[in-house]
Amino acid sequence: MSVDRALGGVGGWLDDRFRGARGFRTLFRKIFPDHWSFLLGEIALYSFIILLLTGTFLTLWFQPSMTEITYHGSYLHLDGVKMSEAYASTLNISFDVRGGLLMRQIHHWAADLFVAAILVHMLRIFFTGAFRKPREINWLIGLTMFTLALIEGLFGYSLPDDLLSGAGLRITEGVLQSIPVVGTYLAFFLFGGPYPGHDIIPRFYILHVLVIPGLILALVSVHLFLMFHQKHTQMPGKGRTDQNVVGAPLYPYFLAKTGAFFFFTFAALAITSTFAQINPIWLYGPYNPVGISAGSQPDFYVGFLEGSLRMMPAWQTVIFGHTIAWNVFIPGLVPLGIIMTGAALWPFLEPWITGDHREHHVCDRPRNAPTRTAIGMTAVAFYGVLWLEGANDVIADHFDIPLYTTTVIARYAVFVVPIAAYIITKRICLGLQRKDLHLLEHGVETGIIRQLPSGEFIEETRPVSEDARAVLMSRQPALSLPPAEPDDGENVPAPGMRGAIGKTRSRLNQIMNESVPMDGGHGNGYGAPHGDGHDTAALGDGHEQPVSAAVVADGDPDEHPRS
Amino acid sequence: MSEVTAGGPPAHEGHAGPDEEPGGLTAGGQEPADPALSVAAVPHRVIGTPPPAAARTMLASEPDPQPEVQRELPADPPDLGRASKAERVVAACFIISMLAGIGFIVAYLAFQVHSVTGVLHSNLALGTAMSITFLALAVGATIWVRHLMPDVDLTEARKPMASAPADRAAFAETFTEGTEASQFVKRPLVRRTLIAATLPVALAPVLLLRDLGPLPEKSLDHTVWRQGIRLLIYGSNRPLKPADFASPGSMITVAPEGYQDNFDALAKAAVIIIKLRPEELQPPTVMNWTVDGIVAYSKICTHVGCPAALYEQTTHHILCPCHQSTFDAARGAQVIFGPATRALPQLPITTNAQGYLIAQSDFNEPVGPSYWERS
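Residues numbered from 1 in each chain as written. Chains lettered and ligands numbered in written order. Predicted model: local features only at pLDDT ≥ 70, side-chain atom pairs only at ≥ 80, totals over all residues.

**Some remarks on the overall build of chain B**
Put simply, the rule reads: In DSSP terms, a helix is any run of H or I states spanning at least four residues, a strand is any run of E spanning at least two, and both are numbered starting from the N terminus. Neighbour counting defines burial: a residue surrounded by 20 or more other C-beta atoms within 10 Å of its own C-beta is buried, one with 12 or fewer is exposed, and intermediate counts give partly exposed, using backbone-placed C-beta atoms. Any pair of residues counts as being in contact when their C-beta atoms, constructed from backbone geometry, are within 7 Å of one another.
Counting secondary structure elements, chain B contains 9 helices and 12 strands. Buried residues in chain B amount to 34% of all 375 residues. When contacts within chain B are restricted to residue pairs at least 6 apart in sequence, those whose partners lie at least 24 apart make up 56%.

Structure, rendered in structure tokens:
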């Protein structure tokens, strides 16, 4: 057989030299769990690869130079116009290199898709609790890559030196200058002197094509290695526990699927880039510090910064002959600071609050961690308001709302909407938990109405399927913390639970564990036979730490479901 | 040579997996090149006596004497009829992909660029071909996986991430031994001087970045405007006379004469002039700095420096399109709305002997966004 011959020939030759048979066997049989949401990270990865490919193509013609030349190229509308070599070479790529425009557009769309995929991938990780032990470090690596991707994108769209990208650079300069004490120096060092100077494009170029992609590539490798080494998380389901991983092996299944997915990503970008124009720099014209066009919008991922700059009230302090521009400094720094710091600390804050230091490999369903889900939605709402305000001129225009009204609304909404999002999300989660319990207790409605001999009408239900039941029962009971104030008044509080910090922790723990009690208020009434090994495992009976059964009922008594 | 498949792997849950049959991989009568290879591969194989390596290589073409272990992956999907149908669909997809790939090459050769229409057609042709190439590949491969490959759901054991206590202890011992042997802890003189030696090296990169740019000094406080410089219309470079404004009208961007193409200068010195009816101008506009209802303001927004380029005639509002700071042109360009904290500085203007608009002096305050050194 040809397969055997190939193995005996090439495989044998290689194995004689590298002793790979064992390692590769394990590798080929490595199990990859399946779920649509696991593809989000792959979109990010493949966008990045496509960015590297198309970006390399673009570097073959792009001139990262701010030397002024007079354009005499194929785009006749700009004939005789003075512009930088960077801008002229971008026109050249668009109009004189076959496939150049397509590559430029794929590159730009891929950058947008890259950041979007990272964002959604991060939300998936957060909402399913996939950042929990042992994956905290990988979460931090992901956050770092997200930040790098934002900077990489900003630098990238500055390179063509067109009027729109110049506005972005000018804002960057203004935000840098607002930093107290060192801001002016930073701006002068970045731009090589007064704005705009002649250094910024070559400097951004080398950062954009070498330094930052290099860093991202290194971090992607570590990110994937850790994912590989720790084995991927899996969604709850029948037979899936924290001690196993269920799915299809790498060879041939995962390889084929992921290969197909790479081509789907590439095809999606190619279709978008064929039919949807992006960044037509020839319409914007070359940069000059005097011009700007109305409706200047950055790429979507910078929109939230734009929005926060727009909604900030005009605050400024002059103290001891120095100016602190709060109106720029706060919106430039605080929103991103809140989101990134919060995201970075959360994997360490959550176990401190819950006392849960176990490994988790089965993902949470978002409803089963109502407080975490609500906090995540708070962040989404905060970001969302900033982002919408970043497009308030477009909104005002399309919906015929006065421009200033949109900003005034946003100034309140940025506080109100996140709080509302928290409350609403939590309610929805608890409602979904009740629905799950109801399904477990009463089964699925069949729509069949039966009349009993007594004349009574009842609706028939049937128990949920084994698979569905495993998912419905995947919620793990919360761990108990030692009480902050022992109720007998004699015992000393446990270490770590004393004083203000201990009380805070205890209170946070209560908030965190708010859930509908799992026994539905009347024992183990799951409406189906139990005691089956899978289900007990799915309940997660704490293989490292004992679980107190008492806390299962530790919720608001009002939240017992109807029985 | 059927060992690889015949000796197929049993369920590998719980134990490390079967022997890799080095004899099979190095078949053709060779001895295993590395005796350690076979030794390493054998232990978890069987409890009994393993067949001698030499005997196995001699029997390389014989069927494996061991009872066949149930394979983990079925060789075929259950419904072979459906699979054959899927096979044709997959093949069709791959053929479409290949044709589209050829189409891409043809489009590359057939469509010339160098003009807007040319680029339009080339982009459409190349992009469509590329899209179909990848889409057909992706669809074909997906159908292949879903309908040709047999369905499997394998379970692999997952061990806790933490090492076994014995391994940890052994590592701790190794580490301690190494640390002791290095004398790093025992000899603080070496340790401290080493740390001292690295400090300057760590500082060097920061130092080396010092020449990235000059220090700002006072350069942000001033612009190139000074007494007598004419105001030129930006773009056409024509000097302006008050009579050029027939009636109160729109906003005109002007540049200082001699600096029309100097971006570094313009980034601070860009100015807008607006003609209003003289009675419309109100304090805090400085009347002595206006000519005939013509008032000049810095175009650089005091928020983060975008050009404040939008003007609404009826309300005299100047709007910066970046963050919507709004200034009242009739009242000294004071902030009406938005994040800007300061009015647009007013440029003192007058006319010279020939009647052209000129600057009386530089702005009397720094233009553009706030910065730390601004007082």
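**Concerning the overall build of chain A**
In terms of regular secondary structure, chain A is built from 19 helices and 8 strands. Here the analysis covers contacts within chain A between residues at least 6 apart in sequence; of these, 74% occur between residues at least 24 apart.

**Here's the deal with the packing of helix α12 (residues 303–311) of chain A against helix α13 (residues 326–354) of chain A**
Residues and elements named next belong to chain A. Basically, it comes down to this: Each axis is a line fitted through C-alpha atoms, taken for helices only over the stretch in contact, and angles between the N-to-C directions span 0 to 180 degrees. Helix crossings are classified by the rotation of the near helix relative to the far one: an anticlockwise turn of less than a right angle makes the crossing left-handed, while a clockwise turn makes it right-handed.
One can describe the packing of α12 onto α13 by two numbers: an axis separation of 8 Å at closest approach and a directional angle of 145°. You can see that α12 and α13 cross each other, and the crossing is right-handed. Two secondary-structure elements touch here, α12 through Phe-304, Leu-305, Ser-308 and Leu-309 and α13 through Val-328, Pro-331, Gly-332 and Pro-335.

**Side note on the sheet that holds strand β4 (residues 271–275) of chain B**
Residues and elements named next belong to chain B. Worth spelling out the cut-off: Any two strands with at least two DSSP bridges between them are considered paired.
Spatial strand order, β2-β3-β4-β5-β10: 5 strands in an open sheet with antiparallel pairing. On the outer flanks of this sheet lie β2 (231–233) and β10 (346–347), each paired with one strand and no other. The pairing of β2 with strand β3 (residues 251–256) spans 3 bridges and is classified as antiparallel. Note that in β3 the partner of Leu-231 across the bridge is Pro-256.

**Brief notes about the interface of chain A and chain B**
Rules: Charged residues are taken to be Asp, Glu, Lys and Arg, nonpolar residues to be Ala, Val, Leu, Ile, Met, Phe, Trp, Tyr, Cys and Pro, and polar residues to be all remaining types, Gly included.
Contact with chain A, which involves 96 residues of that partner, is made by 86 residues of chain B. Take the side of chain A that touches chain B: its biggest share by element is 14 residues, from helix α10 (residues 250–275) of chain A. Looking at the side of chain A that touches chain B, its residues break down into 46 nonpolar, 34 polar and 16 charged.

**Observations concerning helix α4 (residues 85–96) of chain A**
When you tally the buried positions in α4(A), you get 10 out of 12 residues, the bulk of the element. Restricting attention to buried positions, one finds in α4(A) the residues Ala86(A), Tyr87(A), Ala88(A), Ser89(A), Thr90(A), Leu91(A), Ile93(A), Ser94(A), Phe95(A) and Asp96(A).

**Focus: the sheet that holds strand β1 (residues 154–157) of chain B**
Across the sheet, 3 strands lie side by side as β1(A)-β4(A)-β1(B); this open sheet has antiparallel pairing. Single-partner strands in this sheet number two, and they are β1 (31–32) of chain A together with β1 of chain B. Relative to strand β4 (residues 244–249) of chain A, β1(A) runs antiparallel, the two sharing 2 bridges. Note on β4(A): the bridge partner recorded for Ile31(A) is Pro249(A).

**Focus: the nonpolar core**
Put simply, the rule is: Here a nonpolar core is just a set of buried residues of the types Ala, Val, Leu, Ile, Met, Phe, Trp, Tyr and Cys, joined wherever their C-beta atoms sit within 7 Å. Residue ranges assigned to the domains are those given by an automatic or database domain assignment.
Counting 190 residues, the largest nonpolar core has Phe114(A), Phe263(A), Ala138(B), Val271(B) and Ile273(B) as the members making the most contacts within it. Ranked by residue count, the leading element in this core is helix α5 (residues 100–127) of chain A, at 16 residues. Per-domain counts for this core show at least three residues from each of domain 2 (80–148) and domain 3 (222–359) of chain B. In this structure Phe263(A) touches Phe134(B), Leu137(B), Ala138(B) and Ala141(B), once residues within four positions along its chain are discounted.

**Some words on the pairing of β3(B)**
Bridge analysis of β3(B) against β4(B) gives 4 bridges, and the strand direction is antiparallel. When the sheet's bridge partners are listed, Thr253(B) is paired in β4(B) with Ile272(B).

**What about the packing of α13(A) against helix α14 (residues 370–389) of chain A?**
For any two helices packed against each other, one specifies the crossing angle of their axes together with the interaxial distance. All names here are of chain A. Under the convention used in this document: Working rule for angles: under 35 degrees goes down as roughly parallel, over 145 as roughly antiparallel, 65 to 115 as roughly perpendicular, anything else as oblique.
One can describe the packing of α13 onto α14 by two numbers: an axis separation of 11 Å at closest approach and a directional angle of 170°. Classed by the angle they form, the pair α13 and α14 counts as roughly antiparallel. Between α13 and α14, the residues in contact are Pro-335, Ile-339, Gly-342 and Glu-350 and Arg-372, Ala-379, Tyr-383 and Leu-386, respectively. Of the residues contributing to the contact of α13 with α14, the split by class is 5 nonpolar, 1 polar and 2 charged.

**Notes on the environment of Leu255(A)**
Summarising the element assignment, Leu255(A) is placed in helix α10. Expressed as a C-alpha distance, the spacing of Leu255(A) and Arg98(A), which sit 157 residues apart in the sequence, is 33 Å.

**What to know about the confidence of the model for chain B**
Residue and element names in this part refer to chain B. Under the convention used in this document: Per-residue confidence from the predictor is given as pLDDT, running between 0 and 100.
Looking at chain B as a whole, its pLDDT mean stands at 82, while 82% of the residues score no less than 70. Here residues 1–48 is a poorly scored stretch, pLDDT under 50, and it has 84 contacts once near neighbours within four places are set aside; other chains count. Considering only residues more than four positions removed or in separate chains, one finds that residues 50–62, a stretch of pLDDT under 50, has 13 contacts. Two numbers describe this predicted complex: its pTM, 0.86, and its ipTM, 0.86.

**So, unusual backbone geometry**
Of note, the amide linkage connecting Tyr195(A) to Pro196(A) takes the cis form, showing an omega dihedral of -5°. On the secondary structure map, Pro196(A) appears in the loop between α8 (183–191) and α9 (200–230). Unusually for a residue other than glycine, Phe320(A) sits at a positive phi of about 50°. The residue Phe320(A) is located in the loop between β5 (317–319) and β6 (322–324) in this model. The backbone of His114(B) sits at a positive phi, close to 70°, despite the residue not being glycine. Relative to the helices and strands, His114(B) resides in the loop between α5 (80–110) and α6 (116–148).

**Some thoughts on the environment of Ala167(A)**
Relative to the helices and strands, Ala167(A) is located in helix α7 (residues 163–177). Taking the number of C-beta atoms within 10 Å as the measure of exposure, Ala167(A) has 25 and is therefore buried. Along the backbone, Ala167(A) and Val246(A) are 79 residues apart, and their C-alpha atoms lie at a distance of 51 Å. Once residues within four sequence positions are removed from consideration, Ala167(A) is found in contact with Ile292(A), Ser296(A), Cys306(B) and Cys322(B).

**Side note on the pairing of strand β9 (residues 334–337) of chain B**
All names here are of chain B. Where strand β8 (residues 326–328) meets β9, 3 bridges bridge the pair, whose relative direction is antiparallel. Counted as the bridge partner of Thr-326 is Phe-337 from β9. Linkage of β8 to β9, two consecutive antiparallel strands, is achieved through a turn of 5 residues, within which Gly-332 is found at a positive phi near 65°.

**Observations regarding the confidence of the model for chain A**
Of all residues in chain A, 89% have pLDDT values of 70 or greater, and the mean over the chain is 87. Long-range and interchain partners of residues 521–563 of chain A, a stretch whose pLDDT sits below 50, account for 67 contacts in this model, where long-range means more than four residues apart.

**Comments concerning the environment of Leu186(A)**
Residues and elements named next belong to chain A. For Leu-186, the position within the fold is in helix α8. On a C-alpha basis, the gap between Leu-186 and Leu-176 in space is 6.7 Å, while along the polypeptide they are 10 residues apart. If we skip the residues at most four places from it in the chain, Leu-186 touches Leu-176 and Ile-179.

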